[in-house]
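Letter by letter, the chains look like this.
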Amino acid sequence: MTRTLVAGIGNIFLGDDGFGVETARRLAGARLPEDVEVADIGVRGVHLAYRLLDGYDTLVLVDATARGGAPGTLYVIEHEGPGADPGAVPVIDGHRMTPDTVLALLDTLCAGTGGRPPRRTVVVGCEPACVEEGIGLSRPVSDAVPEAVRLIEELLRDGEPSAAPAGAAEAPPAR
């Protein structure tokens, strides 16, 4: 049986950085396949890396993702594996655990434990409007949350979204 983890990432005290956490909260109330787990990871990136050692076939990271689009733009980014320097040791800073850092840490942990990273990692990101101190999402990011939930449900059901949502962009693979 395959297992999928949908992980909401972000800091709810930094405005739109809480996008992943809010999206995971809404997804947790949806009817999802039995093999899908939804987790509010927040800023606990090290916890996520260790949790992934439990064995997941697919990882869907949900996070605020600044790529230069209009605030509220959704992105689907296929992660294609380790970065340019596979021998690099990830810097562990509990307050700055980006998805790339978490995945690099996971590669290191798997090498040391014989574990296996997820076969597929997809990032569902949302262009933030503001990531300064403050609680609550901006209007464009808040409006994007229901569409992100729909997009993730399609990813879980079909492996790919059936059509790009309004305001969405297919992003090039992350490396």
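Parameters and conventions
- Residues numbered from 1 in each chain as written.
- Predicted model: local features only at pLDDT ≥ 70, side-chain atom pairs only at ≥ 80, totals over all residues.
- Heavy atoms only, no water.
- Helix = DSSP H or I, 4+ residues; strand = E, 2+ residues; numbered from the N terminus.
- Buried < 20%, exposed > 50% of the residue type's maximum accessible area, 1.4 Å probe, protein only.
- Contact = heavy atoms within 4.5 Å.
- Areas by Shrake-Rupley, 256 points an atom, 1.4 Å probe, with all protein chains shown as cover.
- Salt bridge = Lys/Arg side-chain N within 4 Å of Asp/Glu carboxyl O.
- Pairing = 2+ DSSP bridges.
- Right-handed = clockwise from strand over helix to strand, strands pointing away.
- Phe/Tyr/Trp six-rings, centres within 6.5 Å; stacked < 30°, edge-to-face > 60°.
- Lys NZ or Arg CZ within 6 Å of the ring centre and 35° of its normal.

With that settled, the discussion passes to the overall build of the protein. On a plain count of helices and strands, the protein comes out with four helices and six strands. For the protein, the succession of helices and strands along the chain, N to C, is β-α-β-α-β-β-α-β-α-β. Within the protein, the fraction of its 175 residues that count as buried is 45%. Long-range pairs, those at least 24 residues apart, make up 79% of the contacts in the protein with a sequence separation of at least 6. Counting every atom, the protein has about 8,900 Å² of accessible surface; 53% of that belongs to carbon and sulfur.

Under the defined criterion, the tally for this structure stands at nine salt bridges. Between Arg119 and Asp57 there is a salt bridge; the shortest N-O distance is 3.2 Å. Remark: Asp57 occurs in the loop between helix 2 (45-52) and strand 3 (58-64) and Arg119 occurs in the loop between helix 3 (99-113) and strand 5 (120-126); sequence separation between them is 62 residues.

Judged by how many residues are buried, strand 1 (residues 4-9) sits mostly within the fold: six of six residues are covered. What you see with strand 1 is no split at all: Thr4, Val6 and Gly8 on one side and Leu5, Ala7 and Ile9 on the other are buried throughout. Sheet analysis places strand 1 next to strand 2 (residues 36-42), joined by six bridges and oriented parallel. Each residue of the ladder has a partner; that of Thr4, found in strand 2, is Val36. Taken together, strand 1, helix 1 (residues 19-28) and strand 2 form a β-α-β motif whose crossover is right-handed. As paired strands, strand 1 and strand 3 are joined by five bridges and run parallel to one another. Looking across to strand 3, one finds that Gly8 is bridged to Val62.

Before going further, it helps to spend a moment on the packing of aromatic side chains. Going through the model one piece at a time under the given rule, you end up with zero aromatic pairs. Over the ring of Tyr75 we find Arg67; its NZ or CZ atom is 5.9 Å from the centre of that ring.

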